[in-house]
Amino acid sequence: MQFGKIIISCFVCLTLSMISLSAASQQKVFIGTVKDAQSEEPVPFASISFIGTTMGKLTDSSGAFTFYLENWPSDTLIITSVGYQPFRFSIDITQDSITADITLERGTFNEGVRVKAKVNKGLLLWKKIVQNKYRNDRYRFDNFSYELYNKLEVDVKNVNFKRITRFKPLRGVGQVINQHMDSSDNIKYLPTYLTEALSDYYYQKRPLKRREVIRAANTNGIKNESFVKFLGGMDQNINIYNNFLTVFDKQFVSPASDNGDLYYNYRVIDTQQVGSNRIYHLVFTPRRQGTNTFEGDCWVVAGSFAVQKMNLRLGRDANVNFVENLSLIQEYSLINDSTWFLSKDKFVADISPIGRNSPGVIGRKTTTYRNVLVNDTSVTSQLSKNKVLEEVITVEGAGDKGKDFWQDSRHEELTKSEAGIIQMIDTLMTAPSFQRLARQLDFLGTGYVDVGNVKIGQWYNWVTANSWEGFRMRFDLSSNKKFDKHWWWHGYLAYGFGDRKMKGKAELFYLPNKHPRRYWYGSYTNDLDFGQSYYGEVTQDNIFALAIRKQNVPIKFIKVSEKRFEFFNEHHFGLSELVAVTHKAFTPLQNIPAKDSFPIVANNGTPLTSFEVSLRLRFAYLEKFLENTFFRTSLGSPYPIGELYVSRGIAGVFKSSYNYTKLSASVSDYMKVPPFGSISYQVYGGRTFGTIPYVLLDIAPGNELHYYNKYAFNMMNRYEFIHDRYLGINWEHNIGNGIFRLFPKLKFRQFYTVKTLWGSLSDANRAYNFKQGNTFQSLDGKTYMEVGTGVDNILRVFRVDFIWRVLPTKLPEGSKTSSFGVFGSFRLAF
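These remarks concern the structure in this document. (Residues numbered from 1 in each chain as written. Predicted model: local features only at pLDDT ≥ 70, side-chain atom pairs only at ≥ 80, totals over all residues. Heavy atoms only, no water.)

**Brief notes about the overall build of the chain**
Each helix and strand counted, the chain has eleven helices and 43 strands in total. The 830 residues of the chain split such that 47% are buried. Counting only contacts in the chain whose residues sit at least 6 apart along the sequence, the fraction spanning at least 24 positions is 63%. For the chain, the exposed area adds up to about 41,600 Å²; of that, 57% sits on carbon and sulfur atoms. (Helix = DSSP H or I, 4+ residues; strand = E, 2+ residues; numbered from the N terminus. Buried < 20%, exposed > 50% of the residue type's maximum accessible area, 1.4 Å probe, protein only. Contact = heavy atoms within 4.5 Å. Areas by Shrake-Rupley, 256 points an atom, 1.4 Å probe, with all protein chains shown as cover.)

Put into structure tokens, the structure is as follows:
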């Protein structure tokens, strides 16, 4: 009997199990995640519904959703969310289980039903955010620190690599490239480059100090310490609670700005409960076209009115060049019962220089924050090590960490695509075909080519022509980093087929210390003086200057033989000294006074020959640089940069003829003045004591090309004005859209410039230089001024300046200058 009960019980359990299994086998399961197509971030609380039915739900705060169904209600899901285009997902109803990642393309935030109300809840919520900034901005703390993980990925898009690799120089790398190809909606993406860095960041409010210690950096082929420093968090200053946010060197009005209601429309579209917090969904859109504003949405915690998540997008009509799409996402997490602190930010930029469907790049930067400490004595202890306000320290061996270290230390695992990038780079860096292609591209872009331990170029100086030399050829040769890490040498030979003279230059550079910087430099030059040359400006010594010279302006030629020795020393706090000893001999050749016009002032000297000892003091606090092995390019300073220059000319040294003293000083700055654009200025002045020829006086910088020169007087010719006392101001205000805001599709930009000079010449120097036949002038205490305006960002790269020479009001008789000119220039800027 007992045995029978057992048999019956087993039978019943088996039957129930089979029924359960049968039911489970018939159950339909859909597991999915909804993401932003560009940023790949989850879309929270998106609406998911089966078309033609009432069956649906919302994604959770991580963008995930799950359906458990007895039958498929329909064969199509429709997914909608504010700010995105509706998306339909087709279901294979023959499947019992489906898993999918669904991506939504960006739309607009102006969609949805609008209900007129007496009270604008969106505007009220914005006011609450502003009123509670002091409680939620992380910079309210006396100090804080965190561990920061930074990951930067660059993808190439819209390139048919299979087709272009038929081109002979690319054949060797085609196989490696196509192995790492990804395709989405017939658009080709190639994950191209990835870097990652791990650092400790420290901040103190009063006195203001910042410090970052980069513990590890995986740069995948780029060995450059200054590049590594930019991978950290020191320059990541995007704070949504600020009134303005910097994107690509432009100031955009933050949705949380104190004056946000002047620039944005706000509306609350939803309220959700996430854990124990009630969260409002706030959407914001620009009030007017053509302003530097975002569109997007944010989730705001009720009670504290802290932003829990912020999504910012660049508006379609934003005046930013080359950027097709841009997304900035910031997420905040609780670090205690009431403090929301930044936990993640992601920046995604789709850069398309030519057009949406043309080749371009997609940059993705993801930053995560861990181990946050606020108002802790350990932070002040670390900051006490600072020698200046800001310090970025790269730990020795930071770039040599192995795979095991990164697997344990990353805040998040690499995706399959990201891991493939590292593998591809490792393969390419050792591939001879890729190395050859890189050298060819480097030659075209920089003008130089490496051959063993030496460098040849720049190619655009190889051939040019002028009225004195006729056809001119030049050949440059220098060492590269393979030759030595401390010594650099360079020389060139040039030959003019008209004057049949050989010219050249030789220079030697020794860099014993990079941080702080210290170097020794010596050079010998025997060549024509082609005038002042500045970074980014066209000089008269290259092939491009042939077609843009002003008409009817006599070209001035003077030959210079110069021997120069320099010692440079820099301190941690931004002060540097440059001591130089220079011997110069000038030989006028054409359209300027000849050497025999100037009697010798000192015994046993040679006319137009000088020996000079000089000292330059420069102060640039917190100036940043991008460096290579030997040289560096300034990225500017957040503070004005000042220079003081003192030189003493000594007669009787190597046939020098003049005793004199020169003093000069300058202050320059570039500053943003949102929402009114940016201003750059330079104030400078100087005085010369002694009687000397024009080549040693201050020669006001003129421009004899139709290419605009930022640092010169463009309506003035070279050697037109000379002075021994002078004061000048250069001012440029880039307004942004300005009046072109009325025509936002053009994306033109407006600016104006003012350049002013006051100068005079002593009676002794006037008598010594102003002789019959000489065309020099002096302002004699009067004002020279030229003002200009124009159109920038024409076709995204061109600028046209219209410049008027307003003072002096009368031009000298026989002058080759005019009172109005049009100048062009080529600029690459976002």
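**Side note on the packing of aromatic side chains**
For the structure shown, the criterion picks out 47 aromatic pairs. Taking the centre distance of 5.6 Å and the plane angle of 40 degrees together, the rings of Phe471 and Phe497 count as tilted. Pair noted here: Phe471 is in strand 25 (residues 470-479) and Phe497 is in the loop between strand 26 (487-496) and strand 27 (501-514), with a separation of 26 residues, a long-range link. Phe497 sits in the partly exposed class, given a relative accessible area of 46%. Between Trp520 and Phe565, the ring centres sit 6.0 Å apart and the planes meet at 40 degrees, which makes this aromatic pair tilted. Remark: Phe565 occurs in strand 29 (residues 557-570) and Trp520 occurs in strand 28 (residues 517-528); sequence separation between them is 45 residues. Judged by its relative accessible area of 40%, Phe565 falls in the partly exposed class. Clustering of aromatic rings is evident, with ring pairs tying together Tyr139, Phe144, Tyr146, Tyr201, Tyr203, Phe341 and Tyr369. If you follow Lys401 out to its NZ or CZ, it ends over the ring of Phe405, 5.2 Å from the centre. (Phe/Tyr/Trp six-rings, centres within 6.5 Å; stacked < 30°, edge-to-face > 60°. Lys NZ or Arg CZ within 6 Å of the ring centre and 35° of its normal.)

**Section: the sheet that holds strand 2 (residues 47-50)**
Spatially, the four strands line up as an open sheet ordered 3-2-5-6, and their pairing is antiparallel. Edge strands, defined here as strands with exactly one partner in the open sheet, are strand 3 (56-58) and strand 6 (87-90). The average undirected angle you get between the axes of adjacent strands in this sheet is 20 degrees. (Pairing = 2+ DSSP bridges. Axes fitted to C-alpha atoms, helices over the stretch in contact; angles between N-to-C directions.)

**Some words on the pairing of strand 27**
Taken together, the ten bridges between strand 26 and strand 27 define a ladder with antiparallel strand orientation. Bridging across to strand 27, Tyr492 finds its partner in Lys505. Two successive antiparallel strands, strand 26 and strand 27, enclose a turn made up of four residues, where Arg500 displays a positive phi of approximately 55 degrees. Sheet topology places strand 27 next to strand 28; nine bridges connect them, and they run antiparallel. Along strand 28, the bridge assignment pairs Glu507 with Ser523. Hairpin connection of strand 27 to strand 28: two residues between the antiparallel strands.

**Concerning a positive patch on the surface**
A cluster of like positive charges, contributed by Arg436, Arg439, Lys481 and Lys482, occupies part of the molecular surface. Relative to the elements of secondary structure, Arg436 occurs in helix 10 (residues 432-446). (Patch = residues over 30% accessible without salt bridge, like charges linked within 9 Å, V, L, I, M, F, W, Y side chains within 5 Å. Salt bridge = Lys/Arg side-chain N within 4 Å of Asp/Glu carboxyl O. Lys, Arg positive; Asp, Glu negative; His and termini not counted. Charge placed at Lys NZ, Arg CZ, Asp CG, Glu CD.)

**Some words on the nonpolar core**
One finds Phe294 and Leu314 to be the most contacted residues of the largest nonpolar core, which totals 47 residues. Of all the elements, strand 19 (residues 340-351) adds the most residues to this core, at six residues. Not counting residues up to four positions away in its chain, the partners in contact with Phe294 are Leu245, Val247, Phe252, Val253, Pro255, Tyr264, Phe284, Thr285, Pro286, Leu312, Arg313 and Leu314. (Core = buried A, V, L, I, M, F, W, Y, C linked by side-chain atoms within 4.5 Å.)

**A closer look at the sheet that holds strand 4 (residues 64-69)**
Within the open sheet, the three strands sit side by side as 4-1-7. Their pairing is mixed. Edge positions in the sheet fall to strand 4 and strand 7 (97-104), since each has one partner strand and no second. Along the sheet, successive strands turn relative to each other by an average axial angle of 15 degrees, direction set aside. As paired elements, strand 1 (residues 28-36) and strand 4 share six bridges and run antiparallel to each other. Directly across from Val29, in strand 4, lies its bridge partner Tyr68.

**A few points about the environment of Met671**
Residue placement: Met671 occurs in strand 35 (residues 660-672). Met671 gets classed as partly exposed once you look at its relative accessible area, which sits at 30%. Sequence spacing of Met671 and Tyr639 is 32 residues, and the spatial spacing of their C-alpha atoms is 8.5 Å. Setting aside residues no more than four positions away along its own chain, Met671 makes contact with Ser678, Ile679 and Tyr681.

**Quick notes on the pattern of salt bridges**
Per the stated rule, a full pass over the model turns up 34 salt bridges. A salt bridge links Glu469 to Lys503; the nearest nitrogen and oxygen atoms lie 2.7 Å apart. With Glu469 in the loop between strand 24 (463-466) and strand 25 and Lys503 in strand 27, the pair connects residues that are 34 residues apart, well separated along the chain. Residue Glu469 shares its accessibility class with Lys503, and that shared class is buried. When salt bridges that share partners are traced, they join Glu469, Arg472, Asp499, Lys503 and Asp527 into one network.

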